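Each chain is listed here by its residues.
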Amino acid sequence: MYRASRWAGLVLAAGVPLAVVLALIGDTPYWLDSPEFVGAAFTLNPAHPPGHPLYILLGRAILLVPIGSAAFKLNLLGGLCASGALAAAYAASMSLVERGFGVRHPLAVLTPAAGCVLIGLSPAWLHQALYAEVYALQALLLSVVILCALRALLPGGTGRERWLLGAVLALGFTLTNHHLTGFLLVPGLIAAVTASALERRLVQPSRLLVIAMVLVGAALLTYALIPVRGAAAPSLLLGRVENLSDFVWLISAKVYQKSLTGGLAHPGDVAGVLFIVAEQVGPWLCILALGGLYFTVRVKGSRASGVLLVAAAGVVLAGRMMLRFDRTNPDVTGYLLLVLVLVVVSLSALSAALHNLSRRLATLKASALLAVAVLVGWQVSLGWERIRRGVLVGDGVERAQVEVREFGVARLPPGAVAVSTLYATSFLTWYGRVVEGERPDVRHVPLPFVGYRGEAAVLVEEWSELAPLVRGFLVSGSLPASEMASLSQDRAVFVEPDPFLDKGHIQYLEPQGLFMAFRPEPVARRDVYAAADATADRIDGLLATRGVLEEPQTRRYVLWWLYNRTLVLARRGYTSGAIRCAGQALDLVPGVPELIALRKYLTDEPGPLKDPMPFLPR
């Protein structure tokens with residue numbers, strides 16, 4: 001009976017969340033990095049720093065499966081990895097319950113299984129499982145590390161050294177997918193192995209160290225994808241890797257080192273990270289999980305495992321707190337998936353510890369296992385309620401992206417130059433080009449990436465007429481007005497609005513959908529007003545479409561575009577058009593202080609806005 005219940009728990013833990021993912025999975029990528037990952041797997045190009053070669057190789061492999069679109073397959077990869085991570089979390093929990101606390105009761109499977117369903121239905125976990133991103137794969141690898149490490153550290157098992165080497169190999173692969181979150185697990189693993197060695201459970205440490213180094217080196221060979229493909233097939237989005245310096249620059253992710261706070265985390269960031277974890281599983285279960293960690297460290301047989309769990313949770317939380325915190329960015333929750341796994345393992349340990357504390361009464365022993373499972377199950381019901389109410393509106397993301405692409409590059413004239421200034425637009429435009437085959441005639445300049453190693457050279461090699469524009473941007477750090485004007489003499493040039501556009505550009509801009517046309521001569525006011533009003537009418541239609549703008553990141557993208565458009569119109573002197581655009585943005589997201597202040601200023605002092613700096617986001 002116990003064996004059957006154990007297998008039933010595994011099916012429940014991994015199968016229920018996977019079924020939900022399969023029911024919700026969409027046919028398009030998400031915003032942010034998701035379109036880039038689909039395009040990188042499709043072209044077998046390295047992704048943005050640090051390259052993410054393991055994800056790209058696995059993504060390329062799943063593209064060979066003859067089902068659905070490329071985006072659907074990469075989204076499916078996330079769902080499968082997330083389900084595998086839950087299976088590993090369940091197995092790790094059961095190992096701790098059985099070998100750490102000596103509990104083998106049919107009801108012992110309830111808390112691990114219900115806990116996996118709980119985190120599998122949480123907003124953070126579901127999001128990473130539904131869209132092409134590296135974090136679901138990283139959660140799988142990190143969960144395997146925890147599983148193998150517990151099998152090696154807990155008493156009563158065989159093959160300890162093999163399990164430990166398995167943990168090291170999985171850890172090596174985490175370094176080829178998202179190396180920062182992989183490194184965050186290293187201190188806990190070292191502390192746990194040290195504690196186990198002091199208990200004399202591991203033998204021949206020098207031999208194990210040599211084999212471990214070989215396994216990590218073998219895993220790191222995955223990085224060979226970057227110089228091979230980065231030089232042979234350069235990307236029009238991220239350039240090429242030509243030498244060792246380029247390779248080190250890419251894999252070290254030097255471009256993101258500015259995200260480090262450089263000191264102690266801000267109290268608001270600490271509270272924000274802890275709130276996110278509590279939001280996913282409930283504050284009471286987080287507190288109970290601390291009790292599970294306490295018992296795991298106190299019980300002699302599970303002490304080394306407890307050291308691993310405590311150190312891993314502490315370092316991962318501290319690492320996330322030391323990075324810049326943006327509550328609306330799903331990457332923040334991606335870093336915390338391992339913490340959710342550790343919460344499940346800790347709750348399972350608490351259930352088993354309470355069971356052992358109730359040795360005298362058989363009924364009470366079963367009740368202790370059941371009580372924790374009921375608390376977890378109650379929180380699961382809240383997860384189902386969130387799904388029922390439609391918090392995840394994948395259809396809205398798909399419709400919004402179709403609208404953005406039709407409103408953007410799709411409407412440009414043949415041979416046009418499109419300069420994107422937002423990361424999201426750059427990724428989505430590149431995805432449409434390389435995956436969907438959209439508008440290969442358009443010369444796309446992804447301005448956020450022109451400064452990346454090799455990107456400027458690749459753009460100039462592909463389209464030599466862009467050389468003055470690209471070089472001028474690299475020298476001055478902004479779009480050179482003279483080169484833009486010269487280029488627009490020969491072909492249509494379009495620029496995505498940006499708050500840092502030089503004031504010399506404003507008189508040449510004419511609103512045209514997502515982009516603004518850059519004319520070779522100053523544009524007459526009546527033409528600007530007519531084009532702005534036509535675009536505003538279409539925006540009204542988009543805002544009235546139910547479901548499209550309910551998803552947070554979609555709303556954020558449209559809000560930023562409307563804000564930039566408001567600034568351009570205000571600087572051009574079309575006050576009523578700018579006030580209308582600001583009103584549209586505030587209808588979408590009420591209470592934005594910069595927009596409220598800008599609208600009030602334009603109402604009180606009509607005329608061209610000379611200095612946008614007071615109204616820029618802090």
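For the structure itself, look to the data block above.
Residues numbered from 1 in each chain as written. Predicted model: local features only at pLDDT ≥ 70, side-chain atom pairs only at ≥ 80, totals over all residues. Heavy atoms only, no water.

**Section: the overall build of the protein chain**
Thought 1: A tally of regular secondary structure across the protein chain gives 29 helices and five strands.
Thought 2: Counting every position in the protein chain, which comprises 618 residues, the buried fraction comes to 57%.
Thought 3: Here the protein chain has roughly 25,100 Å² of accessible surface; of this, 64% comes from carbon and sulfur atoms. (Helix = DSSP H or I, 4+ residues; strand = E, 2+ residues; numbered from the N terminus. Buried < 20%, exposed > 50% of the residue type's maximum accessible area, 1.4 Å probe, protein only. Areas by Shrake-Rupley, 256 points an atom, 1.4 Å probe, with all protein chains shown as cover.)

**Let's talk about helix 26 (residues 525–543)**
Thought 1: Its 19 residues place the ends of helix 26 26 Å apart at the C-alpha level, agreeing with the 27 Å of an ideal helix rising 1.5 Å per residue.
Thought 2: For helix 26, every residue scored as buried is listed here: Val-528, Ala-531, Ala-532, Thr-535, Ala-536, Ile-539 and Leu-542. Looking straight down helix 26, one finds that the buried residues subtend no more than 140° of arc, so they occupy a single side. (Expected span 1.5 Å × (residues − 1). Arc of directions from axis to C-beta.)

**Details of the packing of aromatic side chains**
Thought 1: Within the structure shown, the criterion is met by twelve aromatic pairs.
Thought 2: On the basis of an interplanar angle of 90° and a centroid distance of 5.2 Å, the ring pair of Phe-449 and Tyr-452 is categorised as edge-to-face.
Thought 3: According to the relative accessible area criterion, Phe-449 is buried, its value standing at 1%.
Thought 4: A relative accessible area of 7% places Tyr-452 in the buried class. (Phe/Tyr/Trp six-rings, centres within 6.5 Å; stacked < 30°, edge-to-face > 60°.)

**A few points about helix 12 (residues 225–232)**
Because each turn of an α-helix spans 3.6 residues, side chains separated by three or four positions end up pointing in the same direction.
Thought 1: Of all the residues in helix 12, the buried ones are Leu-225, Ile-226 and Gly-230. Looking straight down helix 12, one finds that the buried residues subtend no more than 95° of arc, so they occupy a single side. In helix 12, the exposed residues that point more than 90 degrees away from the buried face are Val-228 and Ala-232.
Thought 2: Where helix 12 is buried, its residues meet helix 3 (53–62) and helix 13 (244–251). (Contact = heavy atoms within 4.5 Å.)

**Let's talk about the side chain of Thr-421**
Thought 1: Within the secondary structure, Thr-421 is located in the loop between strand 1 (417–420) and helix 21 (423–434).
Thought 2: Here Pro-497 takes part through its backbone oxygen, which lies 3.5 Å from a polar atom of the side chain of Thr-421.
Thought 3: The residues contacting Thr-421, other than those within four sequence positions of it, are Leu-447, Pro-448, Glu-496, Pro-497 and Asp-498. (Polar contact = N/O pair within 3.5 Å; in protein donor to acceptor, adjacent residues only side chain to side chain.)

**Some remarks on the packing of helix 22 (residues 455–462) against helix 23 (residues 467–476)**
Thought 1: One way to put it is that helix 22 packs onto helix 23 with a least axis distance of 9 Å and a crossing angle of 165°. Taken as axis vectors, helix 22 and helix 23 run roughly antiparallel relative to one another. Here helix 22 runs over helix 23; the crossing is left-handed. Residues Ala-456, Leu-459 and Val-460 of helix 22 pack against Ala-467, Val-470, Arg-471 and Leu-474 of helix 23.
Thought 2: When the residues that make up the contact of helix 22 with helix 23 are grouped by side-chain class, the tally is six nonpolar, no polar and one charged. (Axes fitted to C-alpha atoms, helices over the stretch in contact; angles between N-to-C directions. Parallel < 35°, antiparallel > 145°, perpendicular 65-115°, else oblique. Left-handed = near helix turned anticlockwise from the far one by under 90°. Nonpolar A, V, L, I, M, F, W, Y, C, P; charged D, E, K, R; others polar.)

**Here we look at the environment of Gly-472**
Thought 1: Relative to the helices and strands, Gly-472 resides in helix 23.
Thought 2: Spatially, the C-alpha atoms of Gly-472 and Met-484 are 9.7 Å apart, while their sequence positions differ by twelve residues.
Thought 3: The contact partners of Gly-472, leaving out residues within four places of it in the chain, are Gly-477, Ser-478 and Pro-480.

**Observations concerning the environment of Ile-539**
Thought 1: You can see Ile-539 is positioned in helix 26.
Thought 2: Linking Ile-539 and Val-558, residues 19 residues apart in sequence, is a C-alpha distance of 9.8 Å.
Thought 3: Those residues within four positions of Ile-539 in sequence are excluded, and the remaining contacts are Phe-407, Trp-561, Leu-562, Arg-565 and Gln-584.

**Notes on the pattern of salt bridges**
A side chain of one charge can pair with a side chain of the opposite charge when the charged atoms of the two come close.
Thought 1: Following the criterion strictly, the structure yields ten salt bridges and no others.
Thought 2: Among the ionic pairs, Asp-246 bridges to Arg-453, the shortest N-O distance being 3.0 Å. With a gap of 207 residues between them, Asp-246 in helix 13 and Arg-453 in the loop between strand 2 (443–446) and helix 22 connect regions that are remote in the sequence.
Thought 3: Under the relative-accessibility criterion, Arg-453 is labelled partly exposed at 31%.
Thought 4: With a closest N to O distance of 3.1 Å, Glu-510 and Arg-519 form a salt bridge.
Thought 5: You can call Glu-510 buried: its relative accessible area is 12%.
Thought 6: Exposure remark for Arg-519: the relative accessible area of 30% places this residue in the partly exposed category.
Thought 7: One salt-bridge network, held together by shared partners, links Arg-6, Glu-98 and Arg-104. (Salt bridge = Lys/Arg side-chain N within 4 Å of Asp/Glu carboxyl O.)

**Let's talk about the pairing of strand 4 (residues 509–512)**
Thought 1: In the sheet, strand 4 pairs with strand 5 (residues 515–518) via four bridges, with the strands oriented antiparallel. If you follow Glu-510 over to strand 5, its bridge partner there is Ala-517.
Thought 2: Adjacent in sequence and paired antiparallel, strand 4 and strand 5 are bridged by two residues, among which Gly-513 carries a positive phi angle near 70°. (Pairing = 2+ DSSP bridges.)

**As for unusual backbone geometry**
Thought 1: Between Pro-49 and the following residue, Pro-50, the backbone shows a cis peptide bond with an omega angle of 10°.
Thought 2: Tracing the backbone through its elements, the reader meets Pro-50 in the loop between helix 2 (34–43) and helix 3.
Thought 3: Non-glycine residue Leu-32 carries a positive phi angle of around 55°.
Thought 4: Mapping Leu-32 onto the fold places it in the loop between helix 1 (2–24) and helix 2.
Thought 5: Judged by relative accessible area, which is 22%, Leu-32 ranks as partly exposed.
Thought 6: Although it is not a glycine, His-52 adopts a positive phi angle of roughly 50°.
Thought 7: With respect to the helices, strands and loops of the structure, His-52 is situated in the loop between helix 2 and helix 3.

**Things to note about the sheet that holds strand 4**
Thought 1: Taken in spatial order, the five strands line up as 2-1-3-5-4 in an open sheet, and their pairing is mixed. Every other strand in the sheet has two partners, leaving strand 2 and strand 4 as the edge strands with one partner each. With strand direction ignored, the average angle separating the axes of adjacent strands in the sheet is 25°.
Thought 2: Helix-sheet contacts for helix 21 involve strand 1, strand 2 and strand 5, and the interaxial angle to strand 2 is about 145°.

**Things to note about the nonpolar core**
Thought 1: Core analysis: the largest hydrophobic core is formed by 152 residues, its most contacted members being Tyr-55, Leu-74, Trp-125 and Ile-146.
Thought 2: No other element matches helix 4 (residues 70–100), which puts 17 residues into this core.
Thought 3: With residues near it in sequence (within four places) discarded, Tyr-55 still touches Phe-37, Leu-74, Leu-77, Ala-132, Glu-133, Val-134, Leu-137 and Asn-177.
Thought 4: Membership of the second largest hydrophobic core comes to 41 residues, among which are Val-450, Tyr-452, Ala-467 and Phe-473. (Core = buried A, V, L, I, M, F, W, Y, C linked by side-chain atoms within 4.5 Å.)

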